[in-house]
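# A closer look at the structure
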Amino acid sequence: PESVKFLHKNPNWNHTVPVLSDIIYVKEEFRTAVENVLEPYLNYYVVNDLEEGLKAVHLLDDNKKGKANFFLLNKFPADLTESHQQPSDTVPALSVIEVDAKYLPLAKHLLQHVFIAENEPSIEWFNNESNGSVILEKHGKYVKGKYSLTGGSVGLFEGKKIGRAKNLEKISQDVIANEKIVTRLKTDRKSTRLNSSHL
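Residues numbered from 1 in each chain as written. Predicted model: local features only at pLDDT ≥ 70, side-chain atom pairs only at ≥ 80, totals over all residues. Heavy atoms only, no water.

## Notes on a nonpolar patch on the surface
Our working rule: Here the term patch refers to residues with relative accessible area over 30% and no salt bridge, with like charges joined within 9 Å and nonpolar side chains (Val, Leu, Ile, Met, Phe, Trp, Tyr) within 5 Å. Each accessible area value is a Shrake-Rupley result obtained with a 1.4 Å probe; residue values ignore everything except the protein chains displayed when judging cover. A pair is scored as a salt bridge if a Lys or Arg side-chain nitrogen falls within 4 Å of a carboxyl oxygen belonging to Asp or Glu. Helix and strand labels come from DSSP, where a helix needs a run of H or I of at least four residues and a strand needs a run of E of at least two; each type is numbered from the N terminus. When accessible area is computed with a 1.4 Å probe and restricted to protein chains, residues below 20% of their type maximum are described as buried, those above 50% as exposed, and intermediate ones as partly exposed.
A cluster of nonpolar side chains, contributed by Leu 50, Leu 54 and Val 57, occupies part of the molecular surface with about 240 Å² of accessible area. As for its placement among the helices and strands, Leu 50 is situated in helix α4 (residues 50-62). Residue Leu 50 is classed as partly exposed on the basis of its relative accessible area of 48%.

Written out as structure tokens, the structure reads:
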């Protein structure tokens, strides 16, 4: 959205504030499913408090750059109690994500009642087991809420929006680790050549 682009480049605001899609990393096999349930929130900024959010709102208004949404980190309790029993044959969505400790209360708020079905459940299972939880089909085919069902075919780009920044961070760490291995191997090879030339 235009508002997000504007705020990301604006030096009059803390433009390093992440959006939700940047702070959550999801294991590859569950990425599409989790993205489906978080889709409405992926472009929400994750700010520290109301003051920080209001500053952005005023900037958007003053410059006529549209609207943005904000999660206020200081409003999420650190000790959120679990309110949903895990249904049988499911994986908790919280167990397939990685998020910095600072953002864990927000992640719990969004996903504590979300579970991923290992296999497609029967209608009877939904009626008897789901306990009002949100159930995701592992490959992103559907999201079953307490009063709703959303789903259909999975598009080519689904599962590509969530965790981009975290994914780049992980790739960067892998590249650095591999560069160290390559440097060590080159050093070992050079050392081996020097030793064999002295023989």
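## A look at the pairing of strand β7 (residues 134-137)
Basically, it comes down to this: Each pair of strands is called paired provided DSSP finds at least two bridges between the two strands. By the criterion used throughout, a crossover qualifies as right-handed when its path from the first strand across the helix to the second strand runs clockwise, the strands pointing away from the viewer.
Every second residue of β7 is oriented toward a common face, with Val 134 and Leu 136 on one face and Ile 135 and Glu 137 on the other, all of them buried. For strand β6 (residues 114-117) and β7, the ladder comprises four bridges, and the chain directions are parallel. The partner of Val 114 across the bridge, within β7, is Val 134. Between β6 and its parallel partner β7, the chain crosses via helix α6 (residues 123-129), and the hand of that crossover is right-handed. Here β7 pairs with strand β8 (residues 142-144) via two bridges, running antiparallel. Residue pairing for β8: Leu 136 is matched across the bridge by Val 143. If you look at the hairpin formed by β7 and β8, you'll find four residues sitting between the two strands, and Gly 140 has a positive phi there, around 90 degrees.

## Focus: the packing of aromatic side chains
Two numbers describe a pair of aromatic rings. These are the distance of the centres and the angle of the planes. Going by this rule: Here is the rule: rings of Phe, Tyr and Trp (six-membered ring for Trp) pair when centre to centre is within 6.5 Å. Planes less than 30 degrees apart are stacked, more than 60 are edge-to-face, and the remainder are tilted.
This model, assessed by the stated rule, comprises seven aromatic pairs. Centroid distance Trp 13 to Tyr 45: 5.1 Å. Interplanar angle 85 degrees. Geometry classified as edge-to-face. Within this pair, whereas Trp 13 is found in the loop between α1 (2-8) and α2 (20-23), its partner Tyr 45 is found in strand β2 (residues 45-47), the two being separated by 32 residues in sequence. Neither Trp 13 nor Tyr 45 differs from the other in exposure class; each is buried. Seen from their ring centres, Tyr 41 and Phe 71 are 5.8 Å apart, and the 50 degrees between their planes marks the pair as tilted.

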